[in-house]
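Below are the chains, spelled out letter by letter.
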Amino acid sequence: MTTGIQGTRIRRATAVAVTTGAMLAAGAFSAAPAQAAAAPSIVAKGGYVMNNANGKTLYTKAADDRRSTGSTTKIMTAKVVLSQPNLNLDAKVTIQKAYSDYIVDNNWASNAKLIVGDKVTVRQLLYGLMLPSGCDAAYALADKFGTGSTRAARVKSFIGKMNTTAKNLGLTNTHFDSFDGIGNGANYSTPRDLTKLASSAMKNSTFRTIVKTKQYTAKTITKTGSVRTMAPWKNTNGLLGTYSGAIGVKTGSGPEAKYCLVFAATRNGKTVIGTVLASSSIAQRETDAKKLMNYGFTSLG
């Protein structure tokens, strides 16, 4: 009798346990909301990603910490040029010795290898600025679009336009003291500010076309009037062609800046845009950027 009661009790307990387990498996777990993807870990000291359509923040890491920006500065250089009233992209600029001297004086800074005396169009200078990250092209553009009776005055004027543009865009943690990122201690921005700057620059169709171009060959006019076919300028942005949907934007590096990358990609009609600052290598900044874009697209849904 006792054995029968115990057996019945055991069978009942087992049935309850099995039923409870089945309910948990079928009901409780499936009813739980889907977990959002965990935010990625990046090596870069700072990072930021947003939805380009509405500016919604998707990821931050020290996004408002001011850091040296290296050649990502040239995004602003290009934006200022492209914002000039009545801009003629086919206007010609004669390359001055000062531009090549500047490259030498700055330990052979990244350059487009422009030839003194050649006539180069503004459009070509923009490609030389953004693809091989030409500091000589940046100097030529600053000299062309600044105002003043001396080259120094024109360059100072141009940098002033860069800072005015930053202020107008609400980039409160950004300041420029150079036209190319080779600063004098007061050239800085943040991942959030640089992303906002890039988003604004990408509204310009010429800018968009340039920064997604992997290679460009310029044909310049020499002193004697003949045509010079320049060696192809290759884009320093390794994401182009290696990350599906990549459309820009600009690399940067330097002793203080380390390795930086402002990036953007479009998939299924949606664009994420962001920045990593102070990563540890060229390869790592690209890895960081890919992680953030993947996360950005996941966050968009």
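Owing to the predicted nature of the structure, the values given are computational and were not obtained by experimental measurement. (Residues numbered from 1 in each chain as written. Predicted model: local features only at pLDDT ≥ 70, side-chain atom pairs only at ≥ 80, totals over all residues. Heavy atoms only, no water.)

**Details of unusual backbone geometry**
Here Gly248 and Val249 are connected by a cis peptide whose omega angle stands at 20 degrees. Relative to the helices and strands, Val249 is located in strand β11 (residues 246-254). The backbone phi angle of Trp108 is positive, close to 55 degrees, even though this residue is not glycine. You can call Trp108 exposed: its relative accessible area is 62%. (Helix = DSSP H or I, 4+ residues; strand = E, 2+ residues; numbered from the N terminus. Buried < 20%, exposed > 50% of the residue type's maximum accessible area, 1.4 Å probe, protein only.)

**Quick look at the sheet that holds strand β1 (residues 46-51)**
Spatial ordering of the open sheet is given by β2-β1-β13-β12-β11, a layout of 5 strands whose pairing is antiparallel. With one partner strand each, in any of the chains shown, β2 (57-61) and β11 form the two edges of the open sheet. In this sheet, adjacent strand axes meet at a mean angle of 5 degrees when their direction is disregarded. In terms of strand pairing, β11 meets strand β12 (residues 258-267) through 8 bridges, oriented antiparallel. If you follow Ala246 over to β12, its bridge partner there is Ala265. Helix-sheet contacts for helix α7 (residues 191-201) involve β1, β2, β11, β12 and β13 (270-279), and the interaxial angle to β13 is about 140 degrees. (Pairing = 2+ DSSP bridges. Axes fitted to C-alpha atoms, helices over the stretch in contact; angles between N-to-C directions. Contact = heavy atoms within 4.5 Å.)

**Digging into the packing of helix α2 (residues 74-82) against helix α6 (residues 151-168)**
Between α2 and α6, whose axes approach to 10 Å, the crossing angle comes to 95 degrees. Compared by their axis directions, α2 and α6 come out roughly perpendicular. Residue-level contacts link Met76, Thr77, Lys79, Val80 and Val81 of α2 to Phe158, Lys161, Met162, Thr165 and Ala166 of α6. Partitioned by chemical class, the residues of the contact of α2 with α6 number 6 nonpolar, 2 polar and 2 charged. (Parallel < 35°, antiparallel > 145°, perpendicular 65-115°, else oblique. Nonpolar A, V, L, I, M, F, W, Y, C, P; charged D, E, K, R; others polar.)

**Re the packing of aromatic side chains**
By the definition in use, this model includes 7 aromatic pairs. Ring centres of Tyr59 and Tyr295 lie 6.1 Å apart, and the angle between their planes is 80 degrees; this geometry places the pair in the edge-to-face category. Of the two residues, Tyr59 sits in strand β2 while Tyr295 sits in helix α9 (residues 282-300), which places them 236 residues apart along the sequence. In terms of burial, Tyr59 and Tyr295 fall into one category: buried. Here the aromatic rings of Tyr102 and Phe179 are separated by 5.4 Å at their centres, their planes lie at 45 degrees, and the arrangement is tilted. Highlighted residues: Tyr102 in helix α3 (residues 97-105) and Phe179 in the loop between α6 and β6 (188-189), separated in sequence by 77 residues. Accessibility expressed as a relative area gives 16% for Tyr102, which makes it buried. (Phe/Tyr/Trp six-rings, centres within 6.5 Å; stacked < 30°, edge-to-face > 60°.)

**As for the nonpolar core**
By size, the foremost hydrophobic cluster in this structure holds 62 residues, and its most contacted members are Leu126 and Phe207. It is helix α5 (residues 135-145) that contributes the most residues to this core, 8 residues altogether. Look past the residues within four positions of Phe207 in its chain and what remains in contact with it is Ile75, Ala78, Leu82, Met130, Ala201, Met202 and Val249. Membership of the second largest hydrophobic core comes to 19 residues, among which are Ala44, Leu58, Val272 and Ala289. (Core = buried A, V, L, I, M, F, W, Y, C linked by side-chain atoms within 4.5 Å.)

**Let's talk about the environment of Ile247**
Within the secondary structure, Ile247 sits in strand β11. Once residues lying within four places of it in the same chain are set aside, the contact partners of Ile247 are Met202, Val211, Lys212, Leu240, Ala264, Ala265, Thr266 and Thr271.

**Some words on the pattern of salt bridges**
Opposite charge on two side chains permits them to pair, given that their charged atoms come into close proximity. In total, this model carries 6 salt bridges according to the counting rule given. In this structure, the salt-bridge partner of Asp90 is Arg123, at a minimum N-O distance of 3.5 Å. Taken together, the positions of Asp90 in the loop between α2 and β4 (92-94) and Arg123 in helix α4 (residues 122-130) put the pair 33 residues apart, joining distant regions of the chain. The partly exposed category is assigned to Asp90, whose relative accessible area is 46%. According to the relative accessible area criterion, Arg123 is partly exposed, its value standing at 29%. (Salt bridge = Lys/Arg side-chain N within 4 Å of Asp/Glu carboxyl O.)

**Here's the deal with the side chain of Ser178**
Among the secondary structure elements, Ser178 is positioned in the loop between α6 and β6. At a separation of 3.5 Å, a polar atom in the side chain of Ser178 contacts the main-chain amide nitrogen of Ile182. At 3.2 Å, the side chain of Ser178 forms a polar contact with the side chain of Asn187. Not counting chain neighbours up to four residues away, the residues in contact with Ser178 comprise Thr73, Ile159, Met162, Gly183 and Asn187. (Polar contact = N/O pair within 3.5 Å; in protein donor to acceptor, adjacent residues only side chain to side chain.)

**Some words on the environment of Val122**
As for its position among the elements, Val122 is in helix α4. Residues Val122 and Asn88, 34 residues apart in the sequence, show an inter-C-alpha distance of 7.5 Å. Look past the residues within four positions of Val122 in its chain and what remains in contact with it is Val81, Leu87, Asn88, Leu89, Ala91, Val93, Leu141 and Phe145.

**Describing the pairing of β2**
The pairing of β1 with β2 spans 4 bridges and is antiparallel. Across the sheet, Gly47 pairs through a bridge with Lys61, a residue of β2.

**Some points on the packing of α4 against α5**
Where α4 contacts α5, the two axes come as close as 8 Å, and the packing angle between them is 140 degrees. The orientation of α4 with respect to α5, classified from their angle, is oblique. Relative to α5, the crossing made by α4 is left-handed. Between α4, through Val122, Leu125, Leu126, Gly128 and Leu129, and α5, the contact on the second element is made entirely by Ala137, Ala138, Ala140, Leu141 and Phe145. Looking at the contact of α4 with α5 residue by residue, the class counts come to 9 nonpolar, 1 polar and no charged. (Left-handed = near helix turned anticlockwise from the far one by under 90°.)

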